[in-house]
Amino acid sequence: MTRRLAEVAKKVGMSEATVSRVLNGKPGVSEATREAVLTALDVLGYERPTQLRGDRARLVGLVLPELQNPIFPAFAEVVGGALAQQGFTSVLCTRTLGGVSEAEYVDLLLQQQVSGVVFAGGLFAQADASHSHYELLLERRLPTVLVNAAVEHLAFPQVSCDDVAAAEMALGHLRSLGHERIGMVLGPPDHVPSRRKLEAADLAPEFVEHTMFSLEGGHAAATRLIRRGVTGVICASDVMALGAIRAARRAGLSVPDDISVIGYDDSALMNCTDPPLTTLRQPIDAMGRAVVDLLAAQIDKALVPADELLFEPELVVRASTGPVKRSASRP
């Protein structure tokens, strides 16, 4: 390996450190430098590293934050099926606490010479997170699609459910039932989809809580809102909404008689909860097919603008929302 580095470096007139960066697929090397090193490898009779060979595998990385929230396995099923119809195999990459990070998955996928990557619910949606691994994909020009509201500087095609429309539908539904003291349970403050929902809702700060996307997070946030006298709670995920229902019951309240709760996603079994959950349905079938179409077009070298396709959510009314209880209104 040392001899090869020295020979290639001498051939192209560069440092061994620069050659090493190219051979290991590291960022910070110009395309001209990369091509010069690869040409020198060919001339000297050395085999290119796997990740630097010309032909890409018909594999697509599907990077998800978790599988406990039912919406992510459902999305993976749709995208995986659509990819298979086009001759691709999906490689599922799930982040775990203390496990493999999103950036590490990107490195692994690049080593496997994947044809493209799909991210759903990733760090691209968090303004304060590191985005260097996305910038690496941009630099490599690897076909990539992001699902649901990315930070502005990432120039990838996006497929999103319309957060503004979702917030307006949820608020309109509760207000039509007479609710005036309405609270929202959202993701972290830097989470772009949550920011969009909040801007559309335009609620007073005391009626907004930011928390983790989990049942426990929804429970804790809704408990604080209940103490402030809300009669309706809009949550940024179904799992959060289930936590809000649990918080209401722990407070001695009935859903929907005393407090109404709305979720977001319409993930599996939400019509089987107690009570069945009113929620905003993400059209994941249509969104998943659009994701694969955009990715396949990029893989085929078509010009795909870095635009955002917005899909309309659907308000699914079930038994977790009802008319405001005037006689029991709280201060």
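This structure is a prediction, so every number in the text was calculated from the model and none was measured.

Criteria and cut-off values
Residues numbered from 1 in each chain as written. Predicted model: local features only at pLDDT ≥ 70, side-chain atom pairs only at ≥ 80, totals over all residues. Heavy atoms only, no water. Buried < 20%, exposed > 50% of the residue type's maximum accessible area, 1.4 Å probe, protein only. Helix = DSSP H or I, 4+ residues; strand = E, 2+ residues; numbered from the N terminus. Contact = heavy atoms within 4.5 Å. Pairing = 2+ DSSP bridges. Axes fitted to C-alpha atoms, helices over the stretch in contact; angles between N-to-C directions. Parallel < 35°, antiparallel > 145°, perpendicular 65-115°, else oblique. Left-handed = near helix turned anticlockwise from the far one by under 90°. Nonpolar A, V, L, I, M, F, W, Y, C, P; charged D, E, K, R; others polar.

Chemist: Sorry, what's going on with helix 8 (residues 192-201) here?
Modeler: The α-helix advances 3.6 residues per turn, and as a result positions three or four apart in sequence lie on the same side. Those residues of helix 8 that fall on the buried side of the exposure criterion are Val192, Pro193, Ser194, Lys197 and Ala201. Lining the buried residues of helix 8 we find helix 7 (163-176), strand 6 (182-186) and strand 9 (260-265). A positive backbone phi angle near 55° is found at Asp202, which sits one or two residues after helix 8.

Chemist: Sorry, what's going on with the sheet that holds strand 12 (residues 314-316) here?
Modeler: Across a sheet, paired strands are connected by hydrogen bonds in the backbone, their directions being either parallel or antiparallel. Spatially, 6 strands are ordered 7-6-8-9-10-12 in an open sheet, and the strand pairing comes out mixed. One side of each edge strand has no neighbouring strand; the edge strands of this open sheet are strand 7 (208-210) and strand 12. The mean inter-strand angle of the sheet, taken between neighbouring strand axes irrespective of direction, is 20°. Pairing geometry for strand 6 and strand 7, over 3 bridges, is parallel.

Chemist: Would you take a moment to explain the packing of helix 7 against helix 8 for this structure?
Modeler: To characterise two packed helices, one gives the angle between the axes of the helices and the distance between these axes. In contact at an axis separation of 8 Å, helix 7 and helix 8 are set at 45° when each is read in the N-to-C sense. Classified by the interaxial angle, the pair formed by helix 7 and helix 8 is oblique. In this structure, helix 7 crosses over helix 8, and the sense of that crossing is right-handed. On helix 8, the residues that touch Asp163, Val164, Ala167 and Leu171 of helix 7 are Pro193, Arg196, Lys197, Ala200 and Ala201. Classifying every residue of the contact of helix 7 with helix 8 gives 6 nonpolar, no polar and 3 charged.

Chemist: Can you help me understand unusual backbone geometry in this one?
Modeler: One can expect most non-glycine residues to show negative phi and most peptide bonds to be in trans. Backbone torsion omega between Val255 and Pro256 reads 10°, so that peptide bond is classified as cis. Pro275 follows Asp274 through a cis peptide bond whose omega is -5°. Along the chain, Pro275 turns up in the loop between strand 9 and strand 10 (278-281). One non-glycine residue, Asp202, lies in positive phi territory at about 55°. Here Asp202 falls in the exposed class, since its relative accessible area comes to 68%. Positioned with a positive phi, Asp266 is a non-glycine residue whose angle comes to about 55°. Position of Asp266 relative to the elements: it lies in the loop between strand 9 and strand 10.

Chemist: Is there a simple way to explain the packing of helix 5 (residues 102-111) against helix 6 (residues 132-140) in this structure?
Modeler: Running from N to C, helix 5 and helix 6 cross one another at 25°; their axes reach a closest spacing of 9 Å. Taken together, the axis directions place helix 5 and helix 6 in an arrangement best described as roughly parallel. Residue-level inspection shows Glu102, Ala103, Val106, Asp107 and Leu110 of helix 5 in contact with helix 6, the latter providing His133, Tyr134, Leu136, Leu137 and Arg140.

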